[in-house]
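Chain residues, written in single-letter form:
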Amino acid sequence: MELGGATTSPEATAVKSGVTTSPGATTRGLGATTSPGATRGPEATRSPGATAVSPGATTDPEVTTSLGATRSLGATTCPGATMSPGATMDPEATTSLGATRGPEATRSWGATTSPGATSSPGATTNSEATASSPGATKSWGSTTDPEATMGLGATMESEATTSSPGATTSPGATTSPGATTGPGATTGPEATTDPGATRSSGATTDSETTTSSPVATSSPGASGQPLESIRYRRGSLWILNQRLLPERLRYERVDGVERAREAIRDMEVRGAPAIALVGCLSLALELAGGTGGAQDSVAALEDFVAQRLRVLATARPTAANMEREGQRLRERVRGWARTPGVTPGWLRERIIEHIEGLLEKDRGDNRSLGGHGARHILGRLGNPPGVTILTHCNTGTLATAGYGTALGIVRALHAQGRLSRVFCTETRPFHQGGRLTALELRHDGIATTLIGDSAATAAIRHRGVQAVVVGADRVAANGDTANKIGTCQLAVAAWHHGVPFYVAAPSSSCDLAVPHGAAIPIEERPARELTHIQGLCLAPPDVDVWNPAFDVTPHELITGGIVTEWGVFAPELRAALEERGAAGGGP
């Protein structure tokens, strides 16, 4: 069939409504498809089975799209470019003259591949990245971030990340798996960055220099590599961007309170304990750097701390830990400021040391909590040889300074050889169970089964679940507990089937100032988090959406107890925690 000089081979679908095929263009091979609104210029060629493409995509003269390759809405392939089988071009992406993209390679919105550059199978070029100058090579699984540049002859190994905005990799440089180049960093010719190494903002690595500072780790779940949500040393704070997991493990720098608030709000860091830690540590950074004239006087320093804590408290209102730690810190600062002979320098150092101590305290509290919970569950169940647990959301290393709360109990059972299996829910809509908990447990070699949220009751009934263990973002004085949306329905299912339901909550998540669950503020997240996944629309864009991030489980349904670092308590917490407070433990 001919269309104005164009040729369509037998069985090919030349056009849907609105498609234009220019004179001389050829659609070759069985099953080739051009979507509505797509344009293919003269001499453009598509191999058998290729899909070229969603509406609005353009194929320029002399372009070849190989078998199985796909180009999305608005993508452009320039003259002479080649797309191998299975390659994908996302919206707005451009492949320049002579560039080659191998099987399964992917380039995201706005990405550009310069003439002569090569992307090997599985390589990814993110939004607006330039990947790369002629002759640059990216191996399987490597990633180039927005605005990063790879020079002529540079090589990226599997799983390497090169790098934050503005970073440059010069000709001949090599980035090994898992290495990260920070914003504005430069790698000179022949320089090498080892796995797990990091080059910070503005840093330069010269020819033949090897950098191996351990800030970024290798691919998620790699054996022997720790999973940490927070990496801190005096004057430096990096967080693991949990929005990118499990596909990418990337640590990003936090330079102060505003960046921390943004990371908390956008769920780059999440989990009530981790939120409080990152918030407080960002304040410590600003104090160490002399931000905001906080060095001028004791009164100015006290006011500065109070103001920055108010900023952090607004990021996510349901989680108690940030508010509680902020309240404690303000009280301590008020007391220290009244010390005879106090100076701004002395007070600043006391505040920083107090904040830094929260990291180790959280790890220790989590291990104590895990031990208490494991003993109680084994005793409640008659000391069985192994226990099958169901958990929800993510409550482990990625939500804390380390070890975890509900997953701390899981880890304690596993360490004793008394854990049979963990069922973890996917935890829609943000998939913390599938993306994070499954990753953590597999990393630790713990037998894990991922289930859909709607399969939880069936798992309790048919797969031998013996206890349900969840975390908490805020526990009211009467034991009502706010936790990730979907927790209450798990408690109802556990109660109906006679399975004990436990809440793992450090005392910092227990808020005696809130009398009951109805007084806990419930955060509502953007509609898009429910209607889209990684840019893919799953629902009509104009549908009405209600997307609460948390629900409240009534204390009557917490039949196992509330597990803290001090022990396991009946849900009505006020008397127990006030007794601890009177003894100096503090809730």
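Scroll up for the structure.
Attention here is on the structure that accompanies the text. Treat the numbers as computed from the prediction; the structure is a model and nothing was measured.

1. Some words on the nonpolar core
By size, the foremost hydrophobic cluster in this structure holds 43 residues, and its most contacted members are Ile230, Tyr232, Leu283, Val305 and Ile351. Counting residues per element, this core draws most heavily on helix H2 (residues 272-289), which supplies 12 residues. Those residues within four positions of Val305 in sequence are excluded, and the remaining contacts are Leu283, Leu287, Leu329, Val333 and Ile351. In terms of nonpolar packing, the next biggest core, distinct from the first, is built from 30 residues, Ile460, Val475, Cys510 and Leu573 among them.

2. Remarks on helix H1 (residues 257-265)
Because an α-helix packs 3.6 residues into every turn, residues spaced three or four apart end up facing the same way. Regarding H1, the residues found buried are Val257, Arg259, Ala260, Ala263 and Ile264. Summarising the axial view, the buried residues of H1 lie within an arc of 160 degrees, below the 170-degree limit, and thus occupy one face. On its buried side, H1 packs onto strand E32 (236-240), strand E33 (251-254), H2 and helix H3 (298-313). Met267 lies just past H1 and shows a positive phi near 65 degrees.

3. As for the side chain of Glu523
Considering the arrangement of structural elements, one finds Glu523 in the loop between strand E41 (510-511) and helix H10 (528-531). Classification of Glu523 as buried rests on a relative accessible area of 8%. If sequence neighbours within four positions are ignored, Glu523 has contacts with Arg316, Pro317, Thr318, Asn547, Pro548, Ala549 and Phe550.

4. Digging into the packing of aromatic side chains
Given two aromatic rings, their pairing is described by the distance between the two centres and the angle made by the two planes. Scanning the entire structure with this criterion turns up zero aromatic pairs. Above the face of the Tyr251 ring, Arg231 is positioned so that its terminal group lies 4.3 Å from the ring centre. The positively charged end of Lys484 is found above the aromatic ring belonging to Phe550, 4.6 Å away from the centroid.

5. As for the sheet that holds strand E39 (residues 481-484)
Hydrogen bonding along the main chain pairs the strands of a sheet, whether they run parallel or antiparallel. Spatially, four strands are ordered E41-E38-E39-E44 in an open sheet, and the strand pairing comes out mixed. With partners counted over all chains shown, the strands left at the sheet margins are E41 and strand E44 (550-553), one partner each. By the bridge criterion, four bridges tie E39 to E44 in an arrangement that is antiparallel. Note that in E44 the partner of Thr481 across the bridge is Thr553. Contacts between helix H9 (residues 487-497) and the sheet are confined to E39 and E44, with E44 contributing the most and set at about 35 degrees to the helix.

6. Brief notes about the pairing of strand E35 (residues 419-425)
In terms of burial, E35 is largely enclosed, as five of its seven residues are buried. Relative to E35, strand E34 (residues 387-391) is paired through five bridges, and the arrangement is parallel. When the sheet's bridge partners are listed, Ile389 is paired in E35 with Val422. Note that the unit made of E34, helix H6 (residues 406-415) and E35 has a crossover that is right-handed. Pairing geometry for E35 and strand E36 (residues 448-451), over four bridges, is parallel. Residue pairing for E36: Cys424 is matched across the bridge by Leu450. Taken together, E35, helix H7 (residues 432-443) and E36 form a β-α-β motif whose crossover is right-handed.

7. Quick word on the sheet that holds E35
Pairing in this open sheet of seven strands is mixed, and the strands run E36-E35-E34-E37-E40-E45-E46 from one edge to the other. Looking at the sheet topology across the chains shown, the edges are occupied by E36 and strand E46 (567-569). Adjacent strand axes in the sheet meet at a mean angle of 25 degrees, parallel and antiparallel pairs treated alike. Bridge count between E34 and strand E37 (residues 467-470): two bridges; the pairing is parallel. When the sheet's bridge partners are listed, Leu390 is paired in E37 with Val468. Sheet strands touched by helix H5 (residues 344-380): E34, E37, strand E40 (501-504), strand E45 (561-564) and E46. Its angle to E45, the strand with the most contacts, is close to 145 degrees. The sheet contacts of H7 involve E34, E35 and E36, and relative to E35 the element is tilted by about 160 degrees.

8. Regarding the packing of H1 against H3
When two helices pack together, their arrangement is given by the angle between the helix axes and the distance between those axes. The interhelical angle for the contact between H1 and H3, taken along N-to-C directions, is 20 degrees, at an axis separation of 9 Å. Classed by the angle they form, the pair H1 and H3 counts as roughly parallel. Handedness of the H1/H3 crossing: right-handed. For the pair H1 and H3, contact is made by Val257, Glu258, Ala260 and Arg261 and by Arg308, Val311 and Leu312, respectively. Here the residues of the contact of H1 with H3 are counted per class, giving four nonpolar, no polar and three charged.

9. Considering the pattern of salt bridges
Under the definition given, this model contains 21 salt bridges. The salt bridge partner of Arg411 is Glu440, with a shortest N-O separation of 2.7 Å. Of this pair, Arg411 sits in helix H6 while Glu440 sits in helix H7, and the two are 29 residues apart along the sequence. Here Arg411 matches Glu440 in class, with each residue buried. For Arg525, the salt bridge is made with Glu529, and the minimal N-O distance between the two is 2.8 Å. Each member of the pair, Arg525 as well as Glu529, is classed as buried. It is possible to trace a salt-bridge network through shared partners that takes in Arg250, Glu252, Arg259, Glu262 and Glu268.

10. Here we look at the environment of Thr481
Turning to its location among the elements, Thr481 is positioned in strand E39. Owing to a relative accessible area of 2%, Thr481 belongs among the buried residues under this scheme. If sequence neighbours within four positions are ignored, Thr481 has contacts with Gly471, Ala472, Arg474, Val475, Val503, Asp551, Val552, Thr553, Ile558 and Ile562. Among the polar contacts made by the side chain of Thr481, one reaches the main-chain carbonyl oxygen of Gly479 at a distance of 3.0 Å.

What counts, and where the lines are drawn
Residues numbered from 1 in each chain as written. Predicted model: local features only at pLDDT ≥ 70, side-chain atom pairs only at ≥ 80, totals over all residues. Heavy atoms only, no water. Core = buried A, V, L, I, M, F, W, Y, C linked by side-chain atoms within 4.5 Å. Buried < 20%, exposed > 50% of the residue type's maximum accessible area, 1.4 Å probe, protein only. Helix = DSSP H or I, 4+ residues; strand = E, 2+ residues; numbered from the N terminus. Contact = heavy atoms within 4.5 Å. Arc of directions from axis to C-beta. Phe/Tyr/Trp six-rings, centres within 6.5 Å; stacked < 30°, edge-to-face > 60°. Lys NZ or Arg CZ within 6 Å of the ring centre and 35° of its normal. Pairing = 2+ DSSP bridges. Axes fitted to C-alpha atoms, helices over the stretch in contact; angles between N-to-C directions. Right-handed = clockwise from strand over helix to strand, strands pointing away. Parallel < 35°, antiparallel > 145°, perpendicular 65-115°, else oblique. Left-handed = near helix turned anticlockwise from the far one by under 90°. Nonpolar A, V, L, I, M, F, W, Y, C, P; charged D, E, K, R; others polar. Salt bridge = Lys/Arg side-chain N within 4 Å of Asp/Glu carboxyl O. Polar contact = N/O pair within 3.5 Å; in protein donor to acceptor, adjacent residues only side chain to side chain.

The quantities given are spatial measurements derived from coordinates; they are silent on function.
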